[in-house]
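Residues per chain, in single letters:
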Amino acid sequence: MALKHFDRDADPREVSTFIAVHGYAIIDDLADAALMDRLAGEVEPYVAASDAGRDEYDGQFTRRTGSLIERCPASRELVMHPTVVDTVRHFLGHATAQQLHLTQLISVGPGETKQKPHRDQMAFDFFEFPADYHVQCNTMWALTDFTADNGATHIHPGTSAKDDAAAHDVPSGQATMRRGSVLFYDGKVLHGAGANVSNAVRQGVNITYSVGWVRQEENQYLACSQEVARTLDDDLLKMMGYQQGAFALGYVGDQQDALSKLRGEHTKVKVIGDIAQNNDIIRKFVDELGDD
């Protein structure tokens, strides 16, 4: 099954709408070769020090290398790529805030077997979110070409709202793409890494985003030290979670804003009325304040 590809100048809203229907989208050549070269050089020593997976799901010929914000400055440009951020914010716009969920380079080595098809939202203790509520939006950037032989990701299109039995009956297509291209896929769509029957390592940069009120898969506050965090710009820090994830979520101490705390300042978080525009239920709650 051939999967849909968009040009690098695609409208993020169009991409988001496609993901909402099909569970995935691919944008070709979104990152230039110089950026991918820089990232490959920065991450190489950490890949060499990463252990292979411990079971068949993680992949016994697969290395997973995290903490990319701290270790690889080039990764920050991928995290905050305008097309990606706009797509994610549109797709997850039902939530008050969106945040970075994880950063991880996945290196699939020769001899790796096909991964068990799964849905990434199972990370949330296998909680069954409503079919129409998306909790995350994932990206996989091709650091090397993704081919059928080296284990390009298998996507089962349109399975996000199907139960497991029906989803497994849907044929998959492989997300073959050139280096610098990016695959989007939601947290509900059935997917899995392919088998690597080539003689080369296939590398993908997995950068995942989630709604602001869930726990992040990768703990960004420890994965990136405060010393490095203080050198980063505010927009990236907010995406990392230094923000109010929703009303009454994410403050420090006496209701202090997390970014303010990091900067050595003393700004309070927003009150509920300040975020009421994000949600009809919040608006109703605010409108009814003082009625009792």
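The structure presented is a predicted model; accordingly, all values stated were derived computationally and were not measured.

J.: Which parts of the structure should I look at to understand the environment of Val170?
T.: You can see Val170 is positioned in the loop between α6 (164-168) and β7 (173-174). Under the relative-accessibility criterion, Val170 is labelled buried at 16%. Considering only alpha carbons, one finds Val170 and Leu190, 20 residues apart in sequence, at a separation of 9.2 Å. Leaving out residues up to four positions away in the same chain, Val170 has contacts with His156, Pro157, Thr159 and Lys162.

J.: What exactly am I supposed to notice about the sheet that holds strand β3 (residues 62-65) here?
T.: Either a parallel or an antiparallel arrangement is found when strands of a sheet pair, and the pairing is made through backbone hydrogen bonds. One open sheet holds the 7 strands; their spatial order is β1-β2-β8-β5-β10-β4-β3, and the pairing between them is mixed. In this open sheet, the two strands that pair with only one neighbour each are β1 (5-6) and β3. As paired strands, strand β2 (residues 24-27) and strand β8 (residues 182-186) are joined by 4 bridges and run antiparallel to one another. From the neighbouring strand, Ala25 faces β8, where its bridge partner is Phe184.

J.: What exactly am I supposed to notice about the sheet that holds strand β6 (residues 154-155) here?
T.: With antiparallel pairing, 3 strands are arranged side by side in an open sheet as β7-β6-β9. Edge strands, defined here as strands with exactly one partner in the open sheet, are β7 and β9 (191-192). Pairing of β6 with β9 involves 2 bridges; the strand directions are antiparallel. Counted as the bridge partner of His154 is Gly192 from β9.

Parameters and conventions
- Residues numbered from 1 in each chain as written.
- Predicted model: local features only at pLDDT ≥ 70, side-chain atom pairs only at ≥ 80, totals over all residues.
- Heavy atoms only, no water.
- Helix = DSSP H or I, 4+ residues; strand = E, 2+ residues; numbered from the N terminus.
- Buried < 20%, exposed > 50% of the residue type's maximum accessible area, 1.4 Å probe, protein only.
- Contact = heavy atoms within 4.5 Å.
- Pairing = 2+ DSSP bridges.

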